[in-house]
Amino acid sequence: MATGSEYTEEQLNYFRICCITTDELTDGLRTIFKQEWDNQHATTLGEWKDEAKNGQDFKNGESPRNQARNQELLATMINGNRAEWDCTMLFYAILFSDCIGRGLNAVVQSNVDDL
């Protein structure tokens, strides 16, 4: 059992994976989302600039079913600021949204899905 300020190796590994998940993984997913948005929508809706207009464009591109099913996620995502998005929002946006997921390259989809 750990005492005071000491942690077991298992606890330290848990903390490490939490840091990777909350910091590194989300940063990578934010980059992938912007890359895919710009690839698919730059000419029609403009590049993603983390602005409210982007968030509104994303929401408007979702089917009524996705809007209803993901209303809690979209309540934050509509602001357009990817820095406020957690892994759940990013995985939804990349893999399962109508805006990105339907036109996603199979290699990117497989790699993100593996994460």
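Notes on the structure in this doc start here. Numbers given for residues are sequential positions, taken from 1 along each chain in its written order. With pLDDT at 70 or above as the cut-off, local features in this predicted model cover only qualifying residues; side-chain atom pairs require 80 or more to be listed or tallied, and sums for whole chains, interfaces and linings still use all residues. In computing side-chain values, all of the structure's heavy atoms are included and hydrogens and water are not.

This part is about the nonpolar core. In terms of nonpolar packing, the biggest core is built from 23 residues, with L29, F33, F58, M77 and W85 touching the most fellow members. Here a strand is any run of E in DSSP of at least two residues, a helix any run of H or I of at least four, and the numbering for each starts at the N terminus. Residue assignment for this core shows that the elements contributing at least two residues are α1 (9-41), α4 (71-77), α5 (87-96) and α6 (106-114). Among the elements that take part in this core, α5 stands out by supplying eight residues, more than any other. For M77, the contacting residues outside a window of four places in its chain are G55, F58, W85, M89, Y92 and A93. For our purposes a nonpolar core is just a set of buried Ala, Val, Leu, Ile, Met, Phe, Trp, Tyr and Cys residues, chained together by side-chain atoms within 4.5 Å. Any residue under 20% of the maximum accessible area for its type is buried, any over 50% is exposed, and the rest in between are partly exposed; the area is computed with a 1.4 Å probe on protein chains only. Two residues qualify as a contact provided that any one of their heavy atoms is within 4.5 Å of a heavy atom in the partner residue.

Here is the rule: rings of Phe, Tyr and Trp (six-membered ring for Trp) pair when centre to centre is within 6.5 Å. Planes less than 30 degrees apart are stacked, more than 60 are edge-to-face, and the remainder are tilted. Applying the stated criterion across every chain, the model contains ten aromatic pairs. On the basis of an interplanar angle of 90 degrees and a centroid distance of 4.8 Å, the ring pair of F33 and W48 is categorised as edge-to-face. Of the two residues, F33 sits in helix α1 while W48 sits in the loop between α1 and α2 (52-60), which places them 15 residues apart along the sequence. Judged by relative accessible area, F33 falls into the buried class, the value being 0%. Three or more aromatic residues joined by ring pairs make a cluster, and in this case those are F33, W37, W48, F58, W85 and Y92.

If you want to describe how two helices pack, look at the angle between their axes and the distance between the axes. Here an angle of 0 to 180 degrees is reported between the N-to-C directions of two axes, which are lines fitted to C-alpha atoms, with helices fitted over the stretch in contact. At a minimum axis separation of 10 Å, α5 and α6 run at an interaxial angle of 150 degrees. Judged by the inter-axis angle, α5 sits roughly antiparallel to α6. You can see that α5 and α6 cross each other, and the crossing is left-handed. Seen from α5, the contacting residues are F91, I94 and L95; seen from α6, they are Q109, V112 and D113. When residue character is reported, Ala, Val, Leu, Ile, Met, Phe, Trp, Tyr, Cys and Pro are called nonpolar, Asp, Glu, Lys and Arg charged, and the others, Gly included, polar. A class-by-class count of the residues in the contact of α5 with α6 yields four nonpolar, one polar and one charged. Throughout, the term roughly parallel applies to angles under 35 degrees, roughly antiparallel to angles over 145, roughly perpendicular to angles from 65 to 115, and oblique to all others. What makes a crossing left-handed is the near helix being turned counterclockwise from the far one by less than a right angle; a clockwise turn instead makes it right-handed.

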